[in-house]
Amino acid sequence: MGMSVTISEAAEQDAEQILKLQYLCFQSEAALYGNYRIDPLVETLDALRHEVAAECVFVARLGDEVVGSVRGRVTEDGAADIGKLCVHPRLQGHGIGARLLGAVEAALAEEGQVTRFRLHTGRRSEGNLRLYRRVGYRTVGAFDAPDGVPMILLEKAAGTYVATA
Ligand SMILES: CC(C)(COP(=O)(O)OP(=O)(O)OC[C@H]1O[C@@H](n2cnc3c(N)ncnc32)[C@H](O)[C@@H]1OP(=O)(O)O)[C@@H](O)C(=O)NCCC(=O)NCCS
């Protein structure tokens, strides 16, 4: 891939690049569900800035460019919610998504009290489901998002480390 991609915690000044990236990356999900009002496409810069400050946000960088991101936060029930995983379309399929997931899981586990990781994706997002299952997530439920998109809920016990390559 030439220059190497590095994973690190996001800084406040990355918010704008993360928002642009998620807008680009989630177009394929919007098209799949015929819904261009899904969460990642309607999030405001202010909301994202708040998340970068308050949550566990990681970015993948290629030089100065943010080419991937993921977010997570610990909830009251001991689960950590992970979401908005995205990788620039031109760099997908090289393991960056799996690396981002591993980084946010490790950071969340260090916050203590975390018994399991939880995430969700659209029922028809087969590539996403394959990636999550490959790194150890199992389906625990299904629900319809407020915007009507049918979702699958997946969980993985904290401390379950699965080789990704
Ligand atoms: C989901 C997403 C983040 C995955 O990112 P990614 O960097 O492509 O993920 P990975 O490279 O780790 O895995 C994707 C595929 O590449 C394969 N892969 C990983 N490393 C590889 C390598 N070195 N060589 C060849 N293939 C490789 C994986 O096996 C996987 O294959 P599969 O689809 O057949 O299961 C990305 O597709 C994306 O941004 N999608 C749009 C937004 C979205 O839907 N996000 C999820 C919301 S729940």
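Residues numbered from 1 in each chain as written. Predicted model: local features only at pLDDT ≥ 70, side-chain atom pairs only at ≥ 80, totals over all residues. Heavy atoms only, no water.

### Observations concerning helix α4 (residues 45-54)
Put simply, the rule reads: Note on classification: 1.4 Å probe, protein chains only; a residue is buried when its accessible area is under 20% of the maximum for its type, exposed when over 50%, partly exposed between these limits. Comment: elements are numbered from the N terminus, with helices defined as DSSP H or I runs of at least four residues and strands as E runs of at least two. The directions from the helix axis to the C-beta atoms are what the arc is built from. Note on definitions: a residue-residue contact is assigned when non-hydrogen atoms from the two residues lie within 4.5 Å.
Restricting attention to buried positions, one finds in α4 the residues Leu48, Glu51 and Val52. Axial view of α4: buried residues confined to an arc of 100°, hence all on one face. Seen from the buried face of α4, the exposed residues on the opposite side, beyond 90 degrees, are Asp46, His50, Ala53 and Ala54. Taken together, the buried residues of α4 touch α1 (15-25), β2 (56-62) and β3 (65-74).

### Things to note about the pattern of salt bridges
As a reminder of what qualifies: Any carboxyl oxygen of Asp or Glu within 4 Å of a side-chain nitrogen of Lys or Arg constitutes a salt bridge here.
Counted under the stated rule, the structure contains 14 salt bridges. Of the charged contacts in the structure, one is a salt bridge between Asp81 and Arg73, with a shortest N-O distance of 3.9 Å. Taking the relative accessible area as the measure of exposure, Asp81 reaches 22% and is therefore partly exposed. Given a relative accessible area of 40%, Arg73 falls into the partly exposed group. Of the charged contacts in the structure, one is a salt bridge between Arg118 and Asp81, with a shortest N-O distance of 2.9 Å. Residue Arg118 is located in strand β5 (residues 116-122), and its partner Asp81 is located in strand β4 (residues 79-87); the two are separated by 37 residues in the primary sequence. Here Arg118 falls in the buried class, since its relative accessible area comes to 15%. In the salt-bridge network here, residues are joined through shared partners; they are Glu55, Arg73, Asp77, Asp81, Arg116, Arg118 and Glu155.

### Examining the nonpolar core
As a reminder of what qualifies: In plain words, nonpolar cores are sets of buried Ala, Val, Leu, Ile, Met, Phe, Trp, Tyr and Cys residues tied together by side-chain atoms within 4.5 Å.
Ranked by size, the top nonpolar core spans 29 residues in total, and within it Ile82, Leu100, Leu101, Tyr132 and Tyr137 carry the most contacts. Contributions of two or more residues to this core are made by β2, β3, β4, α5 (96-110), β5, α6 (126-134) and β7 (150-157). Counting residues per element, this core draws most heavily on α5, which supplies seven residues. Not counting residues up to four positions away in its chain, the partners in contact with Leu101 are Ile82, Leu85, Leu119, Tyr132, Val135 and Tyr137. With 20 residues, the next largest nonpolar core counts Tyr33, Ile38, Leu48 and Met151 among its residues.

### Regarding the side chain of Lys156
Operational definition: Under the rule applied, a polar contact is a pair of N or O atoms within 3.5 Å (in protein, one hydrogen donor and one hydrogen acceptor; residues adjacent in sequence only if both atoms are side-chain atoms).
For Lys156, the position within the fold is in strand β7. Among the polar contacts listed, one links the side chain of Lys156 to the backbone oxygen of Val135, at a separation of 2.7 Å.

### Thoughts on the packing of aromatic side chains
How two aromatic rings sit relative to each other is given by the distance of their centres and the angle of their planes. Put simply, the test is: Side-chain rings of Phe, Tyr and Trp, where Trp is taken by its six-membered ring, are said to pair if the distance between their centres is within 6.5 Å; with planes under 30 degrees apart they count as stacked, over 60 as edge-to-face, and otherwise as tilted.
All chains considered together, the criterion is met by one aromatic pair. Considering the side-chain rings of Tyr132 and Tyr137, the 6.1 Å spacing of their centres and the 65° angle between planes classify their relative orientation as edge-to-face. Here Tyr132 and Tyr137 have matching classes, each one buried.

### What about the UniProt feature "domain: N-acetyltransferase" (unreviewed entry) in the protein?
Definition in use: UniProt positions are given in the numbering used here, feature names are shortened, and annotations may be inferred rather than shown by experiment.
Within this numbering scheme, the UniProt entry marks residues 5-159 as carrying the feature "domain: N-acetyltransferase" (unreviewed entry). Secondary structure across residues 5-159 divides into 36% helix and 34% strand, with the first and last C-alpha atoms of the span separated by 25 Å.

### Structural notes on the site of the ligand
The line we're drawing: A cutoff of 4 Å decides nearness: a residue is near a molecule or strand if any of its heavy atoms lies inside that distance of it. The accessible surface values rely on the Shrake-Rupley method and a 1.4 Å probe; as for residues, cover is taken only from the protein chains in view. Note on residue categories: nonpolar means Ala, Val, Leu, Ile, Met, Phe, Trp, Tyr, Cys or Pro, charged means Asp, Glu, Lys or Arg, and polar means any other residue, Gly included.
Taken together, 20 residues lie around the ligand, and Leu85, Val87, Gly93, Gly95 and Gly97 are the ones closest in. At 2.8 Å, a backbone N or O of Gly93 approaches an oxygen atom of the ligand. His94 places a polar main-chain atom, nitrogen or oxygen, 3.2 Å from an oxygen atom of the ligand. Look at the ligand: alone it shows 940 Å² of surface, and the protein chains cover 69% of it. Secondary-structure elements contributing two or more residues to the shell around the ligand are β4, α5, β5 and α6. Among the elements that take part in the shell around the ligand, α6 stands out by supplying five residues, more than any other. Partitioned by chemical class, the residues of the shell around the ligand number nine nonpolar, eight polar and three charged.

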